[in-house]
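Listed below, chain by chain, are the residues.
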Amino acid sequence: MNYDYLVVGAGLFGSTFAYEAAKRGKRIKVIDKRNHIGGNIYTENIEGINVHKYGAHIFHTNNKEIWDYVNQFAEFNRYTNSPIANYKGEVYNLPFNMNTFNKLWGVLTPDEAIAKITEQKEHAHVDTPQNLEEQAISLVGTDIYKKLIKGYTEKQWGRKATELPAFIIKRLPVRFTYDNNYFNDRYQGIPIGGYTQIIKKMLSNDLIDVELGTDFFLKKEEYMRTFPKIIYTGMIDQFFDYKLGTLEYRSLKFETSVLDVENYQGNAVVNYTDSETPFTRIIEHKHFEFGKQPKTVVTREYPANWEKGDEPYYPMNDQKNNELFKKYSELAEGLDNIIFGGRLGNYKYYDMHQVIGAAWSLIAKEFK
Ligand code: FAD
């Protein structure tokens with residue numbers, strides 16, 4: 001078949017692009033080095049439970065068009081993300097809200113909570129936050145910082161909070177209401193039956209061929225020669241053989257087990273916010289879909305340093321890496337037939353709704 005596009009990566013970006021391009025009559029080949037479609041939103045069924053193989057994924061957006069779009073591929077439930085924090089056996093609600101403040105200090109009203117935080121901020125003398133620790137204290141005071149932010153964040157990033165940039169937590173969700181809903185977005189939910197069905201439907205057009213277990217780099221020259229255009233959603237620095245340097249990521253290790261109990265922790269997401277527990281959170285997957293199966297599947301999430309060959313989960317968007325990425329983007333602009341997209345191609349932490357928006361923008365540009 002003569003293809004119009006090669007799409008490298010069967011994740012949400014590549015699949016949205018392929019779906020939209022095929023709707024416009026284009027022929028597309030999609031390859032992925034993994035042996036499944038879906039990229040990081042892939043869910044697999046274990047014991048009748050849809051397991052989020054690459055970490056908890058909750059769809060949320062304020063954009064009605066994007067919400068309606070994903071709802072054509074799956075029915076979404078009413079799941080609301082309300083994580084629990086476990087600090088050395090003390091349990092708190094997240095995001096930081098009146099329930100958290102009440103448990104910490106016994107305060108009952110927003111004014112009392114604001115007064116407590118203000119008192120702690122003043123005591124800490126933080127005027128212009130220079131690092132993450134100062135930023136966190138300036139937002140929520142010292143108690144919340146010490147119990148709920150410090151250990152978790154240091155594990156997550158593998159660095160001391162005083163060595164992390166303040167911007168990482170510019171937008172800490174803090175609420176002076178008794179509302180445990182983590183997101184402020186208007187639309188939120190989990191696709192009933194898991195995320196993989198969405199990608200499967202996106203890739204089901206006869207004009208799309210999918211080849212799994214295929215690494216682009218094994219035939220890079222041939223692909224570049226034979227496809228008129230390539231949408232590449234892998235790591236941008238790898239594409240250029242790391243010739244300007246290596247972009248940094250944080251990685252994760254997942255430890256998943258099937259337990260012979262119906263309900264292990266009573267919530268989908270429990271964060272462990274002390275520094276001694278080596279993992280950051282435990283996910284109990286059945287609760288994303290209010291499952292009643294006799295067994296349960298839980299995943300412990302361990303943050304890890306990233307080295308070449310590991311899964312690159314989170315781009316380290318600090319100044320040094322952003323500058324390097326900018327240089328790679330300049331190289332990318334010089335190539336006519338390659339478009340870089342998705343979280344690895346754009347070296348950007350995208351949520352799912354943002355990935356769909358970015359793929360739509362590319363479609364608009366390609367088919368204007
Ligand atoms: P990916 O899903 O990474 O897809 C890229 C694909 O390209 C992969 O399948 C990869 O195997 C393939 N590929 C790479 N290199 C090659 C190569 N050389 N050859 C062939 N194939 C290649 N978003 C939310 O909205 N809500 C959440 O709750 C949420 N939670 C998250 C939790 C974690 C732990 C992580 C890491 C992300 C989370 N996200 C969440 C973000 C979400 O995962 C991304 O927005 C989305 O998956 C990005 O899609 P993508 O297609 O850009 O990338």
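One numbering rule holds for all chains: residues counted from 1, following each sequence as written. For a predicted model such as this one, the threshold for reporting local features is a pLDDT of at least 70, and the threshold for listing and counting side-chain atom pairs is 80 or more; totals across whole chains, interfaces and linings nevertheless cover every residue. To obtain the side-chain values, all non-hydrogen atoms of the structure were included, while hydrogens and water were left out.

Side note on the overall build of the protein chain
- A helix here means a DSSP run of H or I that spans at least four residues, while a strand means a run of E at least two residues long, and both kinds are numbered starting from the N terminus. Scanning the protein chain from N- to C-terminus turns up 11 helices and 16 strands.
- On C-alpha atoms alone, the protein chain measures out to a radius of gyration of 22 Å, which is about the 21 Å that the 2.2 N^0.38 rule sets for 368 residues.
- Seen through its C-alpha atoms, the protein chain measures out along the principal axes to roughly 70 × 50 × 35 Å.
- Burial here depends on accessible area, computed with a 1.4 Å probe over protein chains only, as a share of the maximum for the residue type. Under 20% is buried, over 50% is exposed, and the range in between is partly exposed. A buried classification covers 54% of the 368 residues belonging to the protein chain.
- Here the Shrake-Rupley method, with its probe set to 1.4 Å, supplies the accessible areas, and only the displayed protein chains count as covering residues. About 17400 Å² of surface is accessible on the protein chain, with carbon and sulfur atoms providing 47% of the total. Just to be clear, the radius of gyration here is over C-alpha atoms, and the globule rule we use is 2.2 Å times residues to the power 0.38.

Quick word on the environment of M316
- Looking at where M316 falls in the secondary structure, it is placed in the loop between β15 (314–315) and α9 (319–333).
- The exposure class of M316 is buried, given its relative accessible area of 9%.
- Here, residues are in contact when the closest pair of their heavy atoms is within 4.5 Å. Here M316 is in contact with W157, R159, E248, Y249, R250, N321 and Y347, once residues within four sequence places are set aside.

Focus: the layout of surface pockets
- Approximately 470 Å³ is the volume found for the second largest pocket.
- Buried and open spaces are told apart on a 1 Å grid over the protein atoms alone, a cavity being a set of points where a 1.4 Å probe fits but cannot get out and a pocket being an open set with protein on both sides within 12 Å along at least five of seven lines. Residues with an atom within 4 Å of a point are the lining residues. Every residue lining the second largest pocket is counted, 21 residues in all, and those nearest its centre are I338, I339, F340, L362 and K365.
- Residue assignment for the lining of the second largest pocket shows that the elements contributing at least two residues are α9, β16 (338–340) and α11 (352–366).
- Element by element, the count of residues in the lining of the second largest pocket is highest for α11, at 5 residues.
- Residues are grouped as follows: Ala, Val, Leu, Ile, Met, Phe, Trp, Tyr, Cys and Pro are nonpolar; Asp, Glu, Lys and Arg are charged; all remaining types, including Gly, are polar. When grouped by side-chain class, the residues that make up the lining of the second largest pocket number 10 nonpolar, 5 polar and 6 charged. Grid points are joined across faces, edges and corners, and a volume is the space filled by probe spheres set on the points.

A word on the sheet that holds β15
- Any two strands between which DSSP finds at least two bridges are classified as paired. One open sheet holds the 7 strands; their spatial order is β7-β6-β12-β13-β14-β11-β15, and the pairing between them is mixed. With partners counted over all chains shown, the strands left at the sheet margins are β7 (90–93) and β15, one partner each.
- One ladder, built from 2 bridges, connects strand β11 (residues 249–259) with β15; its direction is antiparallel. Its bridge partner lying in β15, R250 is registered against Y314.

So, the site of the ligand
- A single heavy atom is enough: if one lies within 4 Å of a molecule or strand, its residue is considered near that molecule or strand. Close to the ligand lie 31 residues, the nearest being D32, H57, R343, Y350 and M352.
- Interatomic distance of 3.1 Å between a backbone N/O atom of K33 and a nitrogen atom of the ligand.
- Identification of polar contacts relies on pairs of N or O atoms within 3.5 Å, with a donor-acceptor requirement for protein atoms, meaning one able to donate a hydrogen and the other able to accept it, and with residues adjacent in sequence counted only if both atoms are side-chain atoms. R343 places a side-chain nitrogen or oxygen 2.8 Å from an oxygen atom of the ligand.
- Computed on the free molecule, the ligand has an accessible area of 1000 Å², of which 97% lies beneath the protein chains in the complex.
- When residues of the shell around the ligand are traced back to their parent elements, those giving at least two are α1 (12–23), α10 (342–345) and α11.
- Residues that form the shell around the ligand fall into these classes: 16 nonpolar, 9 polar and 6 charged.

Some remarks on the domain arrangement of the protein chain
- These domain boundaries are the output of an automatic or database domain assignment. Entries for the protein chain in the domain assignment read domain 1 (5–75 + 187–247 + 316–366) and domain 2 (95–169).
- Placing the centre of domain 1 and that of domain 2 at their C-alpha centroids yields a distance of 35 Å.

Observations regarding the nonpolar core
- Among buried residues, the Ala, Val, Leu, Ile, Met, Phe, Trp, Tyr and Cys ones that are joined through side-chain atoms within 4.5 Å form a nonpolar core. Judged by nonpolar contacts, the single largest core of 52 residues is most densely connected at F96, F101, I144, I149, F216 and I230.
- No fewer than three residues from each of domain 1 (5–75 + 187–247 + 316–366) and domain 2 (95–169) sit in this core.
- In this structure, I37, F73, F76 and I283 belong to the second largest nonpolar core, which totals 48 residues.

Quick look at the sheet that holds strand β1 (residues 5–8)
- If you trace the 5 strands from one edge of the open sheet to the other, you get β9-β2-β1-β10-β16, paired in parallel fashion. The open sheet has two free edges, formed respectively by β9 (208–211) and β16, since each of these has just one partner strand. With direction set aside, neighbouring strand axes in the sheet form an average angle of 20 degrees.
- In this sheet, strand β2 (residues 28–31) lies alongside β1 in parallel orientation, the contact comprising 4 bridges. The partner of Y5 across the bridge, within β2, is I28. Whenever a helix is involved, its axis is fitted only over the stretch in contact; in every case the axis is a line through C-alpha atoms, and angles between N-to-C directions fall within 0 to 180 degrees.

Section: the packing of aromatic side chains
- Classification of ring pairs rests on two measures: the distance between centres of Phe, Tyr or Trp rings, Trp counted by its six-membered ring, which must be within 6.5 Å, and the angle between planes, read as stacked under 30 degrees, edge-to-face over 60 and tilted in between. In the structure shown here, the tally under the stated rule is 35 aromatic pairs.
- Ring centres of F59 and F76 lie 5.8 Å apart, and the angle between their planes is 70 degrees; this geometry places the pair in the edge-to-face category. Taken as a pair, F59 in strand β5 (residues 59–61) and F76 in the loop between α2 (64–71) and β6 (84–87) lie far apart in primary sequence, 17 residues in all. The two residues F59 and F76 agree in class, both being buried.
- Ring geometry for F254 versus Y313: centroids 5.7 Å apart, planes at 85 degrees, classification edge-to-face. Placement of the pair is F254 in strand β11 and Y313 in the loop between β14 (296–305) and β15, with a sequence separation of 59 residues.
- F254 gets classed as partly exposed once you look at its relative accessible area, which sits at 23%.
- Of the residues examined, Y313 reaches a relative accessible area of 8% and is grouped as buried.
- One aromatic cluster in this structure is built from Y3, F216, F217, Y223, F227, Y232, F239, F240, Y328 and F340.
- Positioned above the aromatic ring of Y54 is the side chain of R34, whose terminal nitrogen or guanidinium carbon lies 4.2 Å from the ring centre. In our convention, an over-ring charge means Lys NZ or Arg CZ found within 6 Å of a ring centre and within 35 degrees of that ring's normal.

Concerning empty space enclosed by the protein
- Scanning the model with the defined rule gives 1 cavity of 30 Å³ or more in all.
- In terms of residue class, the lining of the largest cavity is made up of 7 nonpolar, no polar and no charged.

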